[in-house]
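# Inside the fold
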Amino acid sequence: MTRALVCGLCPLPVENTLKSHGPGLRSWQLARSLAHDGHEVRLLAMRISDGYLAGEGPSEEEIDGVRVIRVSESELLRSNRVSHEISRWEPDAVVGATIYGSYALARAKPRQPFWADQFGHVMAEAQAKAALDGNNRVLPYFWQLVQPVLARCDKLSVVSEHQRFAAIGELGTTGRLSAETCGYEFTEVIPCAQVPFPDPHPALPALRGTQVPADAFLAIWSGSYNVWSDVQTLFSGIESAMQEDPSIHFVSTGGEIHGQDETTYRDFRSLVERSAMRSRFHLEGWVRAARVPDYWAEADLGILAERPIYEGWLGSKNRVVQWMGFGLPVLYNRVGTLGDLLEAEELGLTFEAGDVAGLRQQLLWAARRPAELRRRAERARTHVRESLSLAASALPLRTWMRNPSRAPDAMATRKTATPNRHRTWHRSLLAPVGESLGPSSAPLIALWRRLNGRR
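Residues numbered from 1 in each chain as written. Predicted model: local features only at pLDDT ≥ 70, side-chain atom pairs only at ≥ 80, totals over all residues. Heavy atoms only, no water.

### A short note on the overall build of the chain
Per the secondary structure count, the chain includes 20 helices and 14 strands. Its C-alpha atoms give the chain a radius of gyration of 22 Å, near enough to 23 Å, the size a compact globule of 455 residues would have. The principal-axis extents of the C-alpha atoms in the chain amount to approximately 65 × 50 × 45 Å. By residue count, 59% of the 455 residues in the chain fall in the buried class. (Helix = DSSP H or I, 4+ residues; strand = E, 2+ residues; numbered from the N terminus. Rg over C-alpha atoms; globule rule 2.2 N^0.38 Å. Buried < 20%, exposed > 50% of the residue type's maximum accessible area, 1.4 Å probe, protein only.)

Now the structure itself:
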């Protein structure tokens, strides 16, 4: 039996917590798929603090064959906890889930084969964050997470074919495309997967018959409003459709991301509050994870709108895959490989990013053609079950774990990791950081300073 230490984040999708986050889903996707194959798996999971009530969630427990050890941000990213766990348990391989888990392992400098994961393109998300803040001062923080991972990993997983090529370019910037690695496949695509959620509670209605008429057409957004979210297109398209079809209602379960994006959801709420249709917008905020399927079960359509930026083109959207696997029809802008899949295979409805008229037209079409909408949803659910289950999606990692190995340049990589020129570049860029930063950037910069020993 192979021992695997996975470093990632929580809450996990098997927990009934205040919020559900994509990084927790990704951590469970990788850890659970390995445990399902019979490997002995420990998941060292950093708590996303706003996902839990004080004292909620034990520090350690066994869940579906995975030994889950919950730790603080400080323990995972700034202490010797990861190194100690590696030395004490002696795993055969280590796996980073998301950039934070991967960074924690890179920092520990493991001698074991090291699989790293970029759950979406980090620097593209950094670009979106910088645009939200109106300055570029968060960029070195994100690169400081990425560069050590690129320098030390033996394999690197991404969420899409688009991102795979971007990752290859990043590996080149750190000197990994060398004579030793010519012909070696560094990168693997592990797409977002359906992660089982609790069954709905039919006896506990979420909205229908109370806030929403029983015969309403209900569109839903569930999850965070992140730096990539296009709330202007979302709101304008839905509002204009509501003006034509009085049966259309909209519900949102989700909200801001503390420390990352606390303005996008606020902007959306402001748009709703000024709307003549505001009584048909139902903003529930974050709801307990166990209640989310109750809202999905009552909804007729899941809807997502994002900005036409590199983050979406290179990445993917976890919630869209969850809706598809649940059997909820999807309306999604055509961005990246997931948007192309929905369009090409008629698994959902699509519109061009930023196209208010296109969103409106598709929403009205969906409200008027329920039978065809359900047929698309059934095709989507079949596709997810066959190709995007935990086991199917993580096949590259599962295959590697049968005989984990180091990259061909492993020894040279360990000697040259994190060159001084990169450290100098990071610190020179961050030197001017001060009180001029926007409030949503402050937690990131504070963390950057702590990781680099600066106060």
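From this point, things continue past the structure.
### Topic: helix H3 (residues 81-89)
Buried within H3 are the following residues: Val82, Glu85, Ile86 and Trp89. Each buried residue of H3 sits inside an arc of 100° when the element is viewed along its axis, so together they form one side. Opposite its buried face, H3 presents the exposed residues Ser87 and Arg88, each directed more than 90 degrees away. Residues of H3 that are buried sit in contact with strand S1 (3-10), strand S2 (40-47), strand S4 (66-71), helix H2 (73-77), strand S5 (93-96) and helix H4 (98-108). Just downstream of H3, Glu90 is the residue with a positive phi angle, here 55°. (Arc of directions from axis to C-beta. Contact = heavy atoms within 4.5 Å.)

### Re the confidence of the model for the chain
Averaged over the chain, the pLDDT score is 90; the fraction of residues at 70 or greater is 90%. Between residues 416-439, whose pLDDT stays under 50, and residues either more than four places distant or in other chains, the model counts 32 contacts. (pLDDT = per-residue confidence, 0-100.)

### Side note on the pattern of salt bridges
Oppositely charged side chains can pair when the atoms bearing their charge come close. All chains considered together, the criterion is met by 30 salt bridges. Residue Arg81 pairs with Glu85 through a salt bridge whose shortest N-O separation is 3.7 Å. Residue Arg81 and its partner Glu85 are located together in helix H3, separated by four residues, close to a single helical turn. Residue classification places Arg81 among the partly exposed positions, given a relative accessible area of 23%. For Glu372, the salt bridge identified is with Arg379, shortest N-O distance 3.8 Å. It is possible to trace a salt-bridge network through shared partners that takes in Arg42, Glu75, Arg81, Glu85 and Arg88. (Salt bridge = Lys/Arg side-chain N within 4 Å of Asp/Glu carboxyl O.)

### Regarding unusual backbone geometry
Of the consecutive residues Cys10 and Pro11, the connecting peptide bond is found in the cis state with omega at 20°. By the element assignment, Pro11 lies in the loop between S1 and helix H1 (22-36). For Glu346, which is not glycine, the phi dihedral falls at a positive 55°. Within the secondary structure, Glu346 is located in the loop between helix H13 (336-344) and strand S14 (349-351).

### Re the packing of aromatic side chains
What the rule picks out here adds up to twelve aromatic pairs. Ring geometry for Tyr225 against Phe268: centres 5.4 Å apart, planes inclined by 25°, an arrangement best described as stacked. Of the two residues, Tyr225 sits in the loop between strand S9 (217-222) and helix H8 (231-244) while Phe268 sits in helix H9 (residues 264-273), which places them 43 residues apart along the sequence. Residue class for Tyr225 comes out buried when judged on its relative accessible area of 0%. Classification of Phe268 as buried rests on a relative accessible area of 0%. Members of the aromatic cluster, connected to one another through ring pairs, are Trp221, Tyr225, Trp228, Phe235, Phe250, Tyr265, Phe268 and Phe281. (Phe/Tyr/Trp six-rings, centres within 6.5 Å; stacked < 30°, edge-to-face > 60°.)

### Points about the sheet that holds strand S10 (residues 248-253)
Read from one edge of the open sheet, six strands run S11-S10-S9-S12-S13-S14, paired in parallel fashion. Each edge of the open sheet carries a strand with a single partner, namely strand S11 (281-285) and S14. Strand after strand, the sheet turns through a mean of 25° between neighbouring axes, direction not considered. Relative to strand S12 (residues 301-304), S9 runs parallel, the two sharing two bridges. Directly across from Ile220, in S12, lies its bridge partner Gly302. Packing of H8 onto the sheet brings it into contact with S9, S10, S11, S12 and S14, and relative to S10 it is tilted by some 150°. (Pairing = 2+ DSSP bridges. Axes fitted to C-alpha atoms, helices over the stretch in contact; angles between N-to-C directions.)

### Section: the packing of H8 against H9
Think of two packed helices as two axes; the pair is described by the angle between the axes and how far apart they sit. Axis separation between H8 and H9 bottoms out at 10 Å; the angle between their running directions is 25°. One finds that H8 runs roughly parallel with respect to H9. Remark: the crossing between H8 and H9 carries right-handed chirality. Here H8 contributes Val231, Gln232, Leu234 and Phe235 to the contact with H9, which in turn contributes Thr264, Asp267, Phe268, Leu271 and Val272. In terms of residue class, the contact of H8 with H9 is built from six nonpolar, two polar and one charged. (Parallel < 35°, antiparallel > 145°, perpendicular 65-115°, else oblique. Left-handed = near helix turned anticlockwise from the far one by under 90°. Nonpolar A, V, L, I, M, F, W, Y, C, P; charged D, E, K, R; others polar.)

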